[in-house]
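Fold and contact review
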Amino acid sequence: MNVIAAVYLLMICSVRGFQQNPSITSTRRQILQTSNQHSSRTRQTSLFSSTQTNDSEPKNKRRSNEQYSKKKKRRRELGGKELKNPDEVITWRCYGIDVYPDDLGPSLDIDKRKEKRDGSNTPSERSYLTPPVISSLLSRLRIKSSEEATDGLPPILKDARVVRRSLDARRRKGSDPKYTYVIDIDLTRQAARNLGLTQQSGKMEIVDNKKLIGHVDDIASNLEDSKAKPRIIIVGAGPAGLFCALSLASSGMCTPILLERGQPVEGRGKSIGALIHRRNVDPESNFSFGEGGAGTWSDGKLTTRIGRNSESVRYVLETLVKYGAPERILVEGAPHLGTDNMVRLLRNMREDLRNLGGEIHFGTKASKYLIEDGKISGVEAECVEVIERTKSNPTDSEARKHESSKTFYGDAVVLATGHSARDVYEELYKSGVELEPKGFAVGFRIEHPQWLINEIQYGRDWGGRVFTKRPSTDAVNTEHFERLSEDTGKSHQGNLPVASYRLATDKAFDGKHNRGAYSFCMCPGGQIVPSSTEEGELCINGMSFSNRDSLWANSALVVTVAQDDPILDKYRSHGCLAGLEFQRDIERKAYQLGGMNMTVPVQRLTDYVNGVVSSSIPASSYRLGAVSAPLHEIYPKPLYNALSHAITEHFEKQMPGFLFEDALLHGVETRTSSPLRLVRNQTTLQAGGVENLYPAGEGAGFAGGIVSAAVDGLVVAKAVKAKFLTVDGGDGDAFKSSKSIGFDY
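Rules and cut-offs
- Residues numbered from 1 in each chain as written.
- Predicted model: local features only at pLDDT ≥ 70, side-chain atom pairs only at ≥ 80, totals over all residues.
- Heavy atoms only, no water.
- Pairing = 2+ DSSP bridges.
- Helix = DSSP H or I, 4+ residues; strand = E, 2+ residues; numbered from the N terminus.
- Axes fitted to C-alpha atoms, helices over the stretch in contact; angles between N-to-C directions.
- Contact = heavy atoms within 4.5 Å.
- Left-handed = near helix turned anticlockwise from the far one by under 90°.
- Nonpolar A, V, L, I, M, F, W, Y, C, P; charged D, E, K, R; others polar.
- Disulfide = S-S within 2.5 Å.
- Buried < 20%, exposed > 50% of the residue type's maximum accessible area, 1.4 Å probe, protein only.

**Looking at the sheet that holds strand β1 (residues 89–99)**
The four strands lie next to each other as β2-β3-β1-β4, forming an open sheet whose pairing is antiparallel. Sheet topology places β2 (159–168) and β4 (204–207) at the edges, where each strand pairs with a single neighbour. Neighbour-to-neighbour, the strand axes of the sheet open up by a mean angle of 25°, direction not taken into account.

So, in structure tokens, the structure goes:
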């Protein structure tokens, strides 16, 4: 108010000419001094006040100082103001290099069929580096195209490699799908400074090129006296068992003895053929048991939650490529092998393992574990005839006869049996091995027409650009979108892969509480297969071949079951095996609903959520036949409520059109993961209460998928070598024995 009064008085003085009066001039000077002093105090108070309350100006100054410090730090990382080694080549990783499918043209970067026949040595990481990708990279780096470019790269870039490519099909305000690349570039420190490159996490980072892990054949050594080598028995030839055996054999210092209850892939194929055509379930050789484990006759997914860029995961992928997997798995954001690629790969692994000194015994089922005084010394096994294709007999399989039973003695036993080997859990439970229940999930397998998933995920303008190179499948997809041509306003040239999806919610209401519900093991262009391992039970799984070219898309839809879940109360008499008995009970019900002949019970998704039996059913990929049944009655009411709520209130909102009339539920999917875990010491990785017994992989409860199981097998191999060998086996620092990998469902 004092300031306002002073200003007002000055105005009056100016108007009336009071400035000519000396006394008035003196008065005005005093008023001005008072006003200035007050304004100064006001500014000081305002500044102090902003420091205490608003805090914006000091924050901006601090932020500016922090940014300046970061820039100084980044300059130091590049060598400081004066680069000591300006010509040193370093690798930068560039994230978020976007390319639209139309820019790539009518064909994808890598032709899968041509890849198998092409004899060129160009690695996939360079094959993906097409002109549109290079153009987007140069734009990101603010480099102008040069006529002096070598392989499309300007002289300033020494080299470039695609690390990963993933498809982003999220429809943001009608935006088109796009491929997002992660690319490594090599350039000198001086060039990096000239381009103004600075480290930003998730955008631009300096990469340490020091390779921590070598291939298995790079780390092998030999002992002169083979009799001195420890004998390590490995039960189960799935990903965990195979990678554990390869790691041990490659050390050259111990002899892995791999026991597999099922057949090698060639004999296993015959067992599966008998199941499909004659409905005969071989309890020892089927979709779940045999060389490669359950993942062999599945989609061969290589996605994992343990870190795609970690050294351990990269090592697993590179090893798979070494044994015959397509190189594109090193680049694709959601890599998969397909059953057809798995068969060839497993044969190569088997041959190399034997060449390294390992033993493999197929048709050998561990029936008893020799545990005495808290220490395991071997395994008793039941043996059957084996059908195997060998190098000496490469065209026709030969039968190998074994004695009906045999005892294997060793210094340690690695248990990598997979989650379907229920008899193993029961035998361990009787032997006093510490087991503990864990959460798991159960539900059904849902199947949609693949064209519908293409439309939901890509939209009508892009769904017609999906091609599998199977004429009959592509014709169905093309015809569907041609009928919608009036509603599509765009014409595209780029092609897209068959669409997939992932759904999840933690708010699936069961009537009292919220549960988790999610899709699992989604198989685009796949088929549904029986994965039963015992007569009188029916459970199913999904699989795809590498081209993913069937008419259907399928996925598990499951609901979580906690270890202390009330729905397990009626099975508590089985102790920690309560979850196993619950699974068995559901599978027996499914078998009965299907007619007790391996026919699968099914129900339209729309009828399931309404609680009514389907009066008619659409076609299914399940080859043993389908029959309409009340699947809404097979699980306890809380699980039905939770899954129905998830479908109607969450999944349909996440993917409008998912609740489709011809979407068909198949029953039942019960083996997403093991319902129990073998207790193991976090440091030694030995089983609780039993010395020299090492649980490993998905069946032991420490992994969830091909890659994480393989990594856990490597972790266990490292722990075994740490105890029995005096030197490190060479697997690098990536495999920390003190940390349990994998996750709970």
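**As for the sheet that holds strand β6 (residues 255–260)**
With parallel pairing, five strands are arranged side by side in an open sheet as β7-β6-β5-β13-β24. Edge strands, defined here as strands with exactly one partner in the open sheet, are β7 (359–362) and β24 (693–695). The sheet shows a mean angle of 20° between the axes of neighbouring strands, direction not considered. One ladder, built from five bridges, connects strand β5 (residues 231–235) with β6; its direction is parallel. Pairing of Arg-231 across the sheet is with Thr-255, part of β6. Lying on the sheet, helix α12 (residues 339–355) is in contact with β6 and β7; it crosses β7 at an angle near 130°.

**A word on the packing of helix α9 (residues 239–251) against helix α19 (residues 706–724)**
Relative orientation of the contacting elements α9 and α19 amounts to 40°, with a least axis distance of 7 Å. In this structure, the crossing between α9 and α19 has a hand that is right-handed. Facing α9, whose interface residues are Pro-239, Ala-240, Phe-243, Cys-244, Ser-247, Leu-248 and Ser-251, α19 presents Ile-706, Ala-709, Ala-710, Gly-713, Leu-714, Ala-717, Val-720 and Lys-721. Considering only residue class, the contact of α9 with α19 consists of 11 nonpolar, three polar and one charged.

**Observations concerning the state of the cysteines**
Within the structure shown, the criterion is met by zero disulfides. Cysteine Cys-244 remains unbridged, with the sulfur of Cys-254 as its closest cysteine sulfur at 8.5 Å. With relative accessibility at 1%, the residue Cys-244 sits in the buried group.

**A word on the environment of Ala-240**
If you trace the backbone, Ala-240 turns up in helix α9. Judged by its relative accessible area of 5%, Ala-240 is buried. The residues touching Ala-240, leaving out its near neighbours within four places in the chain, are Ala-416, Ala-696, Gly-697, Ala-709, Ala-710 and Gly-713.

**Some words on helix α14 (residues 450–458)**
Counting buried positions along α14 yields eight of nine residues, so the element is predominantly enclosed. All of the buried residues in α14 are Gln-450, Leu-452, Ile-453, Asn-454, Glu-455, Ile-456, Gln-457 and Tyr-458.

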